[in-house]
Amino acid sequence: MAVERAAQHFEGLRAEFGALRDPDGFVRRDLALPVRADTELTGRLALQLFESQLTSRCVDLAARWMRAEGKGYYTIASSGHEGNVVLGALAEPTDPWFLHYRSGAAVIERCGGRGGTPIFDLCLSLRAAASEPISGGRHKVFGNRDRWILPQTSTIASHLPKALGTAFAIDRGGVLDGVKLAVDDDAIALCNFGDASLNHSTAQGAINAARWARYQHVPLPLLLVCEDNGFGISLNTPGGWVEAAMGHGRGPLVYVAADGLDLPAAYDAAKRAIETCRLERRPVFLHLKTVRLFGHAGSDLEAAYRTPDEIRATEAQDPVRQTALLLLAQQVLRPSELCALMEETYARVFAAAAEAAERPQLQRAAEVMAPLPPLPAVKPHSSSISLPAGAVQEGESAGSELGTTHTERAYPLARLMNDALAETLQNQPNSLVFGEDVGGKGGVYGVTRGLQKRFGAKRVFSTLLDEQTILGLALGAAQIGLLPIPEIQYLAYLHNAEDQLRGEAASLSFFSGGQFTNPMVVRIASFGYQKGFGGHFHNDNSIAVLRDIPGLIIATPARGSDAVRMWRQSIALAQETGRVVAFLEPIARYHTRDLLAGGDGLWADVMPPVSEPTRIDEVGQGRCYLNGPNPPDAPSPDAPSSDDLTIVTYANGVYLSLQAAEILRRDHGISVRVFDLRWLAPMDVAGAARHVGETGGRVLVVDEGRKTGGVAEAIITGLVERGVVSSHMARLCGEDTFIPLGPAAELVMPSAETIVQAAVALVARPSSPKAVTAPDGGAR
């Protein structure tokens, strides 16, 4: 019905204007003069903007035609929102723009698309054609790398936090020594959204953060454009609600009202809003009145929730019609010229649509996934450490690194991470460290202590308590050339804002064909086992929400020296490849020094030297702890071993498994090697499989996460896929529950004692056929 209604409406415009006769003695207005006495909009620019409005309308009609023919897949239209065209003319082409999906006229104007390739590009997008130049047929998005239009998906309001981040970064980057951003110093960030989206908590959080920043005189050149058509699909927005919610004059957020149905009025209001935003470096809320024509999308039966009179009244306000009437009344065009322009535009757009409708689409999974940075391939390797006796790392002298005892140079994880962050801030002038309590306090666990004093509050600072804002700040800053290092105070807090990683950060490369990236390393204080503090919200052990995000790198160091090396690799990945890395730091190990007995110092390490090369091609490699005082180079991955069991684990599981390994050796005569995965994406299942093969297929997977949806499921599956098949395979996982407060937490997560029990039971199982390990050496 919406398809027919849209076509009928356009035919009605043709008939209406076609019935008009050119006036006798027509004298064309001087196009250099204002098109109307009450505006700055000239006749020439008004005509140009009308052409973009008309082109956008014809693209909407073409979208419905393509869908009806089975050759197009997207019909959410810009019809009724064409007043946003003024923003395409007034904003600078280097102003980063986060667009609404009804911003077609603005895009066409910004890209100079009156007869140019943007028309064809939009039609390719409707087709989901592989040759479409921004997303490559992966989604219908508005985007253009040269014009700084960053592609957005349809997730409600999720782009507002990163628009805020970009606005913040424009001015913050300008005061950092040695930093040159990808945009001009006087740029502003624009962000368009609908009136229904304004009610979303994500939008409210971003707007509150903008007010909060401006209240403290933080420069924030952010133009928030609310395109208010009065509807969210079928739910109407109460009349006057947007103004009542946002119209507070010149407080922290300047409010400017604009009539998007009256082109000159919209132009003047938008010009005022943009100038205020650019010159005063402050957030501005532009309330643009629009209408929504022909339903939410082509499939929306608007008559089911609106009366015929309401629909007709809305169509009478059509901004394309209103601009056409203006141009006729002000003698910019004759009626015959207007009709000719309408016919020529319609024919040009439909010719482009007909051509685009035959273009091929993505044909293979590899083509679909091409813009996603592939997880680094884990190369076969032999990295082993002997603990507890000697703590020797392969290729190093005993006592030089891991588990160094009786030396004041050895520190726990928190201190080494502090040094690693200082190293990054020193070496990467574009890096910023921020989050809740990160600045003066130095973080809840002291990991960022002293960094603000050393590097200044412009680079190390505390944020308001809103994880969506923290991650959005990182996203926006990363997109214009900064290297953000946001901190999420606790893993449980991530869930308040996880869509900023899943729907925004990880998807940007996918929806832009790799043309835009947002490199960052997100520090997250993670996992359980805190003593005397916490409960669920401070001891969350669930990371399933991260593990299925395409392209996300997940680092899970167990100890300080590994954390430093993996941190350096993560920073290099972000800087060199544009990757997003989640760096999960085990809270319970932040200040741990001892492993087996008080004062042994086996969990305190020295800082790996800066001269040590950082190899991003080694990302994803696990490491095996060997039982007993083995020499640094033994055993090799191909050598036979007398070990009885391999424990595969990560993070806190490494610490607990090494304690269990000593008990198993001492009290049960069972020789154990502990394989630390270190990274969960990519995951070194191939490395684990080699070690499991050397211990006769006997493997215990220790996963502090939950049994359902936990890492252990993937490890066991990966081992089986690599030919490790044995009846001596078992999991020891956290229970499917939230973590309780106090000692009860120990009842629902693995411990050294339960690891010992599980290992003894596993080794005692009846013999099974010898395990077979596939030689593929690949990685999950």
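Residues numbered from 1 in each chain as written. Predicted model: local features only at pLDDT ≥ 70, side-chain atom pairs only at ≥ 80, totals over all residues. Heavy atoms only, no water.

Draft legend 1. Region of interest: the overall build of the protein. Of regular secondary structure, the protein possesses 25 helices and 22 strands. In terms of C-alpha radius of gyration, the protein reaches 31 Å, essentially the compact-globule figure of 28 Å for 780 residues. Along the first, second and third principal axes, the C-alpha atoms of the protein reach 110 × 55 × 45 Å. The contacts of the protein with a sequence gap of at least 6 include a subset with a gap of at least 24, amounting to 81%. Computing the positive centroid from 73 side-chain charges and the negative centroid from 87, the protein places the two 1 Å apart. (Helix = DSSP H or I, 4+ residues; strand = E, 2+ residues; numbered from the N terminus. Rg over C-alpha atoms; globule rule 2.2 N^0.38 Å. Contact = heavy atoms within 4.5 Å. Lys, Arg positive; Asp, Glu negative; His and termini not counted. Charge placed at Lys NZ, Arg CZ, Asp CG, Glu CD.)

Draft legend 2. Examining the packing of aromatic side chains more closely. By the definition in use, this model includes 16 aromatic pairs. Relative to Phe285, the ring of Tyr255 has its centre 6.2 Å away and its plane inclined at 15 degrees; by these criteria the two rings are stacked. In this pair, Tyr255 sits in strand β7 (residues 254-259) while Phe285 sits in strand β8 (residues 284-289), placing the two residues 30 residues apart along the sequence. Classification of Tyr255 by relative accessible area gives buried; the value is 15%. Members of the aromatic cluster, each reached through a chain of ring pairs, are Phe10, Trp65, Tyr346 and Phe350. Of note, Arg145 hangs over the ring of Trp148, and the distance from its end group to the ring centre comes to 4.7 Å. (Phe/Tyr/Trp six-rings, centres within 6.5 Å; stacked < 30°, edge-to-face > 60°. Buried < 20%, exposed > 50% of the residue type's maximum accessible area, 1.4 Å probe, protein only. Lys NZ or Arg CZ within 6 Å of the ring centre and 35° of its normal.)

Draft legend 3. Seen up close, the domain arrangement of the protein. Per the domain assignment, the segments making up the protein are domain 1 (2-359), domain 2 (384-394 + 404-618) and domain 3 (623-764). Using C-alpha coordinates to define each centre, domain 1 is positioned 57 Å away from domain 3. (Domains from an automatic or database assignment.)

Draft legend 4. Structural detail: the sheet that holds strand β16 (residues 580-586). Read from one edge to the other, the open sheet built from seven strands follows the order β12-β11-β13-β14-β16-β15-β20, with strand pairing classed as mixed. The outermost strands of the open sheet, each flanked by one partner alone, are β12 (460-462) and β20 (679-681). Neighbouring strand axes in the sheet, compared pairwise and without regard to direction, differ in orientation by 20 degrees on average. Bridge count between strand β11 (residues 431-435) and strand β13 (residues 483-488): five bridges; the pairing is parallel. Residue pairing in the sheet places Phe434 in a bridge with Pro486 of β13. Those strands touched by helix α14 (residues 413-427) are β11, β12, β13, β14 (520-526) and β16, and its axis lies near 140 degrees from that of β11. (Pairing = 2+ DSSP bridges. Axes fitted to C-alpha atoms, helices over the stretch in contact; angles between N-to-C directions.)

Draft legend 5. Local environment of the state of the cysteines. For the structure on display, the rule yields zero disulfides. The cysteine Cys226 is free of any disulfide, with Cys191 supplying the nearest cysteine sulfur at 10 Å. The class of Cys226 is buried, set by a relative accessible area of 0%. Here Cys277 stays free of any disulfide, with the sulfur of Cys191 as its closest cysteine sulfur at 12 Å. On the basis of relative accessible area, Cys277 is assigned to the buried category, the value being 0%. (Disulfide = S-S within 2.5 Å.)

Draft legend 6. Structural view of the side chain of Glu423. By secondary structure assignment, the location of Glu423 is in helix α14. Within the local environment of Glu423, its side chain forms a polar contact with the side chain of Arg568, the two groups lying 2.8 Å apart. (Polar contact = N/O pair within 3.5 Å; in protein donor to acceptor, adjacent residues only side chain to side chain.)

Draft legend 7. Here's a closer look at the nonpolar core. Counting 134 residues, the largest nonpolar core has Phe285, Leu546 and Leu719 as the members making the most contacts within it. It is α14 that contributes the most residues to this core, eight residues altogether. When residues no more than four places from it in sequence are discounted, the contact partners of Leu546 are Leu494, Leu501, Ile524, Leu552, Ile554, Ala582 and Leu584. In this structure, Phe10, Leu61, Ile76 and Cys277 belong to the second largest nonpolar core, which totals 82 residues. (Core = buried A, V, L, I, M, F, W, Y, C linked by side-chain atoms within 4.5 Å.)

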